[in-house]
Amino acid sequence: MPIATPEVYNEMLDRAKAGKFAYPAINVTSSQTLHAALRGFAEAESDGIIQISTGGAEFLGGQYNKDMVTGAVALAEFAHVVAAKYPVTVALHTDHCPKDKLDGYVRPLLDISEARVKAGENPLFQSHMWDGSAETLSDNLTIAEELLAKAKAAKIVLEVEITPTGGEEDGVSHEINDNLYTTVDDAIRTAEALGLGEKGRYLLAASFGNVHGVYKPGNVVLRPDLLKELSDGVAAKFGKASPFDFVFHGGSGSTAEEIATALENGVVKMNLDTDTQYAFTRPVVDHVFRNYDGVLKVDGEVGNKKTYDPRTWGKLAEGGMAARVTEACANLRSTGTRLK
């Protein structure tokens with residue numbers, strides 16, 4: 001069962017929360033980066049999450065028409081075939097989708113999965129993200145309610161981002177300031193609107209100083225202890241302990257201590273993109289620098305086909321990214337936790 005069924009995905013999330021570990025959620029943009037992620041999970045003996053952003057889906061759709069739905073569906077179908085060769089279970093997820101892209105991305109994908117479920121099949125994706133962080137919380141939650149109902153009908157988990165994450169991700173950007181911290185009131189309003197499971201399961205990307213992109217430790221003030229405050233505040237009002245399944249966004253550059261605190265406070269999914277992009281590209285650059293006159297036809301020469309063959313540098317790229325995924329599994333304590 002390499003691609004999780006809805007029931008298995010729920011089991012994965014439950015096990016992560018109970019065991020205080022999280023799944024690396026790896027952004028992919030090609031069949032090659034998909035294989036790198038799967039290989040990294042397999043080598044770590046960890047299940048995991050493969051995710052596709054709007055920009056990644058547009059890239060996958062091809063530069064001729066850049067259709068996001070085509071790109072996402074194509075890679076998902078490909079994953080259902082090739083993941084069968086890996087001894088781990090993975091869930092397929094779509095990353096950040098802002099309001100202006102819902103009709104061209106998440107809503108059509110939800111419709112595809114709902115049709116599959118009505119036909120007795122499993123959904124194509126196991127979860128989708130609605131990024132309403134650029135909207136008012138009221139508008140954000142109104143749209144989230146609509147999407148959660150559609151997701152529940154398709155046996156899909158919804159991820160919501162209720163307050164801003166700093167930096168930039170596929171065109172959605174926020175300043176790095178004091179607004180990057182979710183309040184207890186924000187969390188309570190979320191629980192009032194979306195329920196605590198009875199309206200459908202959702203993952204909560206709360207903000208505790210997170211920033212997308214590249215930054216050095218110390219440049220961003222993360223407060224993963226805030227997640228406990230949010231949980232305790234909602235638990236006190238609704239009488240449900242540990243009410244949220246949290247997501248850690250902007251995880252690149254985080255310290256081991258910050259990650260450990262987040263895991264203790266209910267994080268079950270952590271996104272990785274910046275670090276894995278670099279891990280994929282770095283071996284390619286090294287290969288090009290070491291074989292400059294082979295990958296290029298310098299001064300009218302013919303070059304060296306064996307060095308510019310995409311398979312040569314592509315294997316190096318896959319290995320580099322797979323190693324970073326394996327490292328992420330260790331950091332998030334998911335190593336060796338795969339479903340048997």
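Look a little higher up for the structure.
Structural notes, computed from the coordinates.

Thresholds applied
- Residues numbered from 1 in each chain as written.
- Predicted model: local features only at pLDDT ≥ 70, side-chain atom pairs only at ≥ 80, totals over all residues.
- Heavy atoms only, no water.
- Helix = DSSP H or I, 4+ residues; strand = E, 2+ residues; numbered from the N terminus.
- Buried < 20%, exposed > 50% of the residue type's maximum accessible area, 1.4 Å probe, protein only.
- Contact = heavy atoms within 4.5 Å.
- Areas by Shrake-Rupley, 256 points an atom, 1.4 Å probe, with all protein chains shown as cover.
- Lys, Arg positive; Asp, Glu negative; His and termini not counted.
- Charge placed at Lys NZ, Arg CZ, Asp CG, Glu CD.
- Expected span 1.5 Å × (residues − 1).
- Pairing = 2+ DSSP bridges.
- Right-handed = clockwise from strand over helix to strand, strands pointing away.
- Core = buried A, V, L, I, M, F, W, Y, C linked by side-chain atoms within 4.5 Å.
- Phe/Tyr/Trp six-rings, centres within 6.5 Å; stacked < 30°, edge-to-face > 60°.
- Lys NZ or Arg CZ within 6 Å of the ring centre and 35° of its normal.

**Looking at the overall build of the protein**
So, point 1. The number of helices and strands found in the protein is 13 helices and ten strands.
So, point 2. When the 340 residues of the protein are sorted by exposure, 55% land in the buried category.
So, point 3. In the protein, once contacts between residues fewer than 6 apart in sequence are set aside, the share between residues at least 24 apart is 75%.
So, point 4. Put simply, the protein shows about 14,600 Å² of open surface, and 52% of that area lies on carbon and sulfur atoms.
So, point 5. Positive and negative side-chain charges in the protein, numbering 34 and 47 respectively, have mean positions lying 6 Å apart.

**Quick look at helix α10 (residues 274-290)**
So, point 1. An ideal rise of 1.5 Å per residue puts 24 Å on 17 residues; α10 measures up with 24 Å between its terminal C-alpha atoms.
So, point 2. Within α10, burial applies to T276, A279, F280, P283, V284 and H287.
So, point 3. For α10, the secondary structure elements touched by its buried residues are β1 (23-27), α2 (31-44), β10 (267-272), α11 (292-295), α12 (305-308) and α13 (310-331).

**With respect to the pairing of strand β4 (residues 127-131)**
So, point 1. For β4, the buried fraction is high: five of the five residues fall into the buried class.
So, point 2. The pairing of strand β3 (residues 90-94) with β4 spans two bridges and is classified as parallel. Along β4, the bridge assignment pairs H93 with S127.
So, point 3. Remark: the β3/helix α5 (residues 106-118)/β4 crossover connection has right-handed handedness.

**A few points about unusual backbone geometry**
So, point 1. Even without being glycine, E45 reaches a positive phi, approximately 55°.
So, point 2. Relative to the helices and strands, E45 is located in the loop between α2 and β2 (48-52).
So, point 3. With relative accessibility at 38%, the residue E45 sits in the partly exposed group.
So, point 4. A positive phi angle is found at S242, which is not glycine, with a value near 45°.
So, point 5. Note that S242 resides in the loop between α8 (226-238) and β9 (246-248).

**Regarding the nonpolar core**
So, point 1. Within the largest apolar cluster, 82 residues are counted, with the highest numbers of intra-cluster contacts made by F41, Y105, V160 and F244.
So, point 2. Excluding residues within four positions of it along the chain, Y105 makes contact with I52, S53, T54, A57, M68, V69, A72, T94, D95 and C97.
So, point 3. In this structure, Y9, M12, A16 and A205 belong to the second largest nonpolar core, which totals 17 residues.

**Comments concerning the packing of aromatic side chains**
So, point 1. The final tally for this structure, using the stated rule, is four aromatic pairs.
So, point 2. Aromatic pair F21 and Y23: ring centres 5.4 Å apart, planes at 85°, arrangement edge-to-face.
So, point 3. On the basis of relative accessible area, Y23 is assigned to the buried category, the value being 0%.
So, point 4. An angle of 55° between the planes, with centres 6.4 Å apart, marks the rings of Y202 and F244 as tilted. Highlighted residues: Y202 in strand β8 (residues 202-205) and F244 in the loop between α8 and β9, separated in sequence by 42 residues. For the pair Y202 and F244, a shared accessibility class is recorded, and that class is buried.
So, point 5. Among the aromatic residues, those joined into a cluster by ring pairs are Y202, F244 and F246.
So, point 6. The ring of F238 has K237 sitting right over it, with the charged end atom 6.0 Å from the ring centre.

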